[in-house]
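Take a look at the letters that make up each chain.
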Amino acid sequence: MKNPFDVKTPEGISAEDAHELFVDVFTDFYQVNKIGHAFLNGPRGSGKSMMFRYMMPDCQKLSKNSSLKEIDYFSLYVPFKLTDINYVELERFKQNSNIFINEHLLTTFVTSKCFVSLLKYEDEINACFSEIEYFYNNTFLWHVEISGAEIDKYKKKFNTGIEYIKQIVSILDSMLIICKNYCKRSLIPDSREDYNGPLCNYLDFLYPLLLELKKLSFMPQDRAIFILADDAGYLNETQTKILNTWVSYRTSDSVSIKISTQLDYKSYLTITNKTIDSPHDYSKVNIATIYTTSNNNYYHRIEDIVTRRLKKYLQLDISPKDFFPPDKEQVKKIKEIYDKLKNEYEDSEKKHTAGDAARRYASSEYLKFLKNKRSGSTLNYAGFNNLVDISSGIIRHFLEPASIMFSENISKNGAENDVKFLPVNIQNEVIQNYSRKFLEDEFESVKEVHGIKGENEILSKADKLFNMISGLGQMFHRIFVSEKKERVVFSVALYDNPDRELAEIIDLAEHYGYIHRSSIGNKEGTGRCKLYILSRTLAPYFRLDPNGFKGYKFMNSDILKISLTDPKKFEKIANKQIEDSQASVQQLNLFDDL
């Protein structure tokens, strides 16, 4: 039986499947499929590559039910994840050589991938054979020659247009490999070999080629070409600055560069160390920030995705809430507490008081009820609404556990009967385990990269990150089971800017998806504070209510910094603040009452 929640790489999805399964998100991210350079930032699994897949010409053809000539733009896909052009050691070259070599590597790699993108349109390309033949001989080879390459051996005749495109890809790959091999030899100590191969750059090679490509009759006329540069965080720092330089040229009316990153982009400087600025040079979108602060939109996206998948793969025309039912007994108990609280807080002069109190305290009181019964671990996270909230704005965090739940159900209950819903116990067991793995198992990859201690350091960056996430989670749990006015808290708002050490760990936490970054107006109403939101994927791990963001924990950055190296001390301060909820957080001295 087909698992409807299998997560596929966008590259492996057919245009038909992408068209059928894709949920339009461009109302939230309107900058991405409009003319103009744009950065699309978000953690792994947030849907960036799927967005790029939907923007490819074959999907657009299906979406518009039209020919290539009638689509709104022509996209060329360039994935950086699998490239090996990002040698950090090239920094050893003299400054100019480093830039020239890196730009040649980047330009030939991007140009090759652009023409590889064309290979799937064989019928259209063969239909304009004479134009392709002219383009190859009089445009492409001319640019290859002025870049410094010998072209006599490339002057060949082919019988179809697609063979010319394949030859273009072959020549570009050859130019790339020659330079890569030179780089490898040059990295050997005492090597003094000079580079005598061609050198390509954006303005003299890639850009004019794309302008001529746009004129071919199978392309949409007078429309822009989009370069979809996926996972640009894999580039080295010099290549990143070169890509920024391309953005700074503002050629977006004819060639727009769309750059996706996993919040790991190395720089927004050009090769001359000038900044590229939004909105003049580019627009910027952060998926996690938009989805975690626009909850209704995200909820409806997931609802639409699940509905489509259930219909396509299981022929089920049912509500996602029916397929992922909640724990009915738990819902009933919480409702009873809600009604009781509503009666207790009834105030005829303040009509909203009772409802607000019931909403804020019901789940908190239910967890305390479980704790008193010594069964705190039985808090159940099943149910579509809970699972959407726990995915915390990252679509992968919904689809992956849903896929495991479906497989577990087949494994335990067999596939001989049609699957109409997923049992509550399987949902809860899988999502609890998924939350634990998110912090514990996936953290092993963090340790591999950031687990080495610096000179004179007691803890590595990975250790500090784990301490901070644990400290925040434990503090939020204590708030959740306290008597505070606001008990469902997932966010810390800092009065002041974090110092370099804390900022570095916060950046790491955001890169790996453990926190999302936003801002909020300060308590004085005189400006805004930086807001750091713990991923709700960790709600089951820390036994928190994942539903919505109700409150914010204000503190100075010095206090949060304590969590990096001394989680127990941080916990003491947090406890003190929770116990003394009437006291102003700002009045708490860092070293008082410890």
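Shown above is the structure to which this text applies.
Basis of the calculations
Residues numbered from 1 in each chain as written. Predicted model: local features only at pLDDT ≥ 70, side-chain atom pairs only at ≥ 80, totals over all residues. Heavy atoms only, no water. Helix = DSSP H or I, 4+ residues; strand = E, 2+ residues; numbered from the N terminus. Rg over C-alpha atoms; globule rule 2.2 N^0.38 Å. Buried < 20%, exposed > 50% of the residue type's maximum accessible area, 1.4 Å probe, protein only. Pairing = 2+ DSSP bridges. Axes fitted to C-alpha atoms, helices over the stretch in contact; angles between N-to-C directions. Contact = heavy atoms within 4.5 Å. Core = buried A, V, L, I, M, F, W, Y, C linked by side-chain atoms within 4.5 Å. Salt bridge = Lys/Arg side-chain N within 4 Å of Asp/Glu carboxyl O. Polar contact = N/O pair within 3.5 Å; in protein donor to acceptor, adjacent residues only side chain to side chain. Parallel < 35°, antiparallel > 145°, perpendicular 65-115°, else oblique. Nonpolar A, V, L, I, M, F, W, Y, C, P; charged D, E, K, R; others polar. Left-handed = near helix turned anticlockwise from the far one by under 90°. Phe/Tyr/Trp six-rings, centres within 6.5 Å; stacked < 30°, edge-to-face > 60°. Lys NZ or Arg CZ within 6 Å of the ring centre and 35° of its normal. Expected span 1.5 Å × (residues − 1). Bend = angle between axes of the 7 residues up to and from the residue.

**Q** I tried to follow the overall build of the protein on my own but got confused; where do I start?
**A** Secondary structure summary: the protein contains 23 helices and nine strands in total. For 594 residues, the compact-globule estimate of 2.2 N^0.38 gives 25 Å, and the protein sits close to it at 28 Å. Its C-alpha atoms give the protein principal-axis dimensions of about 85 × 60 × 45 Å. Counting only residues that meet the buried cut, the protein has 53% of its 594 residues in that class.

**Q** Hey, could you run me through the sheet that holds strand 1 (residues 38-41) in this one?
**A** The strands that make up a sheet are held in pairs by hydrogen bonds between backbone atoms, and each pair lies either parallel or antiparallel. Pairing is parallel in the open sheet, where five strands are placed in the order 2-3-4-1-5. Edge positions in the sheet fall to strand 2 (74-79) and strand 5 (283-286), since each has one partner strand and no second. Taking the axes of each pair of neighbouring strands and ignoring which way they run, one obtains an average angle of 15° across the sheet. Relative to strand 3 (residues 225-230), strand 2 is paired through six bridges, and the arrangement is parallel. Looking at strand 3, one finds that valine 78 is bridged to alanine 229. This element, helix 8 (residues 202-213), spans strand 2, strand 3 and strand 4 (255-261) of the sheet and lies at about 110° to strand 4.

**Q** Just checking my understanding: could you explain the nonpolar core for this structure?
**A** General note: in soluble globular proteins, nonpolar side chains tend to be found buried as a group. Phe323, Phe324, Phe398, Leu465, Met468 and Ile469 are the most contacted members of the largest nonpolar core, which has 84 residues in total. In terms of residue count, the dominant contributor to this core is helix 19 (residues 461-480) (nine residues). Setting aside chain neighbours within four positions, we find phenylalanine 323 in contact with Phe5, Leu310, Leu314, Leu316, Ile318, Phe406, Val419, Lys420, Phe421 and Leu422. In this structure, Tyr87, Ile132, Leu243 and Ile257 belong to the second largest nonpolar core, which totals 69 residues.

**Q** When you look at the pattern of salt bridges in this model, what are you seeing that I'm missing?
**A** For side chains of opposite charge, pairing can occur when their charged atoms come near one another. Tallied over the full model, the rule gives 34 salt bridges. Here aspartate 499 ties to lysine 561 by a salt bridge, and the two come within 2.4 Å at their closest N and O atoms. Residue aspartate 499 is found in the loop between strand 6 (489-494) and helix 20 (500-511), and its partner lysine 561 is found in helix 22 (residues 557-565); the two are separated by 62 residues along the sequence. A relative accessible area of 32% means that aspartate 499 is categorised as partly exposed. By relative accessible area, lysine 561 is classed as partly exposed at 25%. Counted as one network, the salt bridges with shared partners bring together Glu365, Lys368, Glu483 and Arg487.

**Q** Would you explain the side chain of aspartate 58 in this entry?
**A** On the secondary structure map, aspartate 58 appears in helix 3 (residues 57-64). Among the polar contacts listed, one links the side chain of aspartate 58 to the side chain of arginine 53, at a separation of 3.0 Å. With residues near it in sequence (within four places) discarded, aspartate 58 still touches Ala15, Arg53, Lys120 and Tyr121.

**Q** I tried to follow the pairing of strand 2 on my own but got confused; where do I start?
**A** Remark: a regular strand shows side chains that alternate across the two faces of the sheet. Burial analysis of strand 2 places six of its six residues in the buried class, the great majority of the element. Burial of strand 2 is two-sided: the residues Phe74, Leu76 and Val78 facing one way and the residues Ser75, Tyr77 and Pro79 facing the other way are all buried.

**Q** Can you walk me through the packing of helix 6 (residues 129-146) against helix 8 in this structure?
**A** The description of two helices packed together rests on the angle between their axes and the distance between the axes. Direction vectors running N to C along helix 6 and helix 8 enclose 170°, while the axes themselves pass 10 Å from each other. Judged by the inter-axis angle, helix 6 sits roughly antiparallel to helix 8. On the side of helix 6, the interface is formed by Phe135, Thr139, Phe140, His143, Val144 and Ile146, while helix 8 contributes Asp204, Phe205, Pro208, Leu209, Glu212 and Leu213. When grouped by side-chain class, the residues that make up the contact of helix 6 with helix 8 number eight nonpolar, two polar and two charged.

**Q** When you look at the sheet that holds strand 9 (residues 551-555) in this model, what are you seeing that I'm missing?
**A** Spatially, the four strands line up as an open sheet ordered 7-8-6-9, and their pairing is mixed. Every interior strand has two partners, whereas the edge strands, strand 7 (515-521) and strand 9, have only one. Within this sheet the neighbouring strands show an average axis-to-axis angle of 35°, counted without direction. Judged from the seven bridges that link them, strand 7 and strand 8 (residues 528-534) form a sheet pairing that is antiparallel. By the bridge assignment, arginine 517 is partnered in strand 8 with tyrosine 532. Packing of helix 20 onto the sheet brings it into contact with strand 7 and strand 8, and relative to strand 7 it is tilted by some 115°.

**Q** So what exactly am I meant to see when it comes to the packing of helix 6 against helix 7 (residues 161-186) here?
**A** As a packed pair, helix 6 and helix 7 sit with axes 9 Å apart at the nearest point and diverge in direction by 15°. Taken together, the axes of helix 6 and helix 7 are roughly parallel relative to one another. Relative to helix 7, the crossing made by helix 6 is left-handed. Contacts between helix 6 and helix 7 involve Phe129, Ile132, Glu133, Phe135, Tyr136, Phe140, Leu141 and Val144 on the former and, on the latter, Gly161, Tyr164, Ile165, Gln167, Ile168, Ile171, Leu172 and Met175. Here the residues of the contact of helix 6 with helix 7 sort into 13 nonpolar, two polar and one charged.

**Q** Can you walk me through the packing of aromatic side chains in this structure?
**A** Aromatic ring pairs are reported here in terms of the distance separating the ring centres and the angle at which the planes meet. Using the criterion set out here, one finds 36 aromatic pairs in the structure. Taking 6.3 Å as the distance between ring centres and 35° as the angle between the ring planes, the aromatic pair formed by phenylalanine 324 and phenylalanine 384 counts as tilted. In this pair, phenylalanine 324 is assigned in the loop between helix 12 (320-323) and helix 13 (328-344) and phenylalanine 384 in helix 15 (residues 384-390), connecting sequence segments 60 residues apart. In this structure phenylalanine 324 comes out as buried when scored by relative accessible area, which is 0%. Look at phenylalanine 384 and you get buried, because its relative accessible area is 2%. Connected via pairs of aromatic rings, a cluster forms that spans Phe5, Tyr299, Phe323, Phe324, Phe384, Phe398 and Phe406. Directly above the aromatic system of phenylalanine 226 lies the positively charged group of lysine 258, at a separation of 4.7 Å from the ring centroid. Just above the ring of tyrosine 361 sits the side chain of arginine 487; from NZ or CZ to the centre is 4.0 Å.

**Q** When you look at the environment of serine 403 in this model, what are you seeing that I'm missing?
**A** Position of serine 403 among the secondary structure elements: in helix 16 (residues 396-413). The exposure class assigned to serine 403 is buried, which follows from its relative accessible area of 12%. Distance from serine 403 to histidine 143, taken between C-alpha atoms, is 49 Å for residues 260 residues apart in sequence. Look past the residues within four positions of serine 403 in its chain and what remains in contact with it is Asn3, Phe5 and Asp6.

**Q** Which parts of the structure should I look at to understand helix 6?
**A** A turn of α-helix holds 3.6 residues, and therefore any two residues three or four places apart point the same way. Helix length check: helix 6 (18 residues) gives 25 Å between terminal C-alpha atoms against 26 Å at 1.5 Å per residue, within 8%. At tyrosine 136, helix 6 is bent by approximately 35°, the largest bend along its length. Of all the positions in helix 6, only Ile132, Glu133, Phe135, Tyr136, Thr139, Phe140, Leu141, His143 and Val144 are classed as buried. After helix 6 finishes, the residue glycine 148 shows a positive phi value of roughly 115°.

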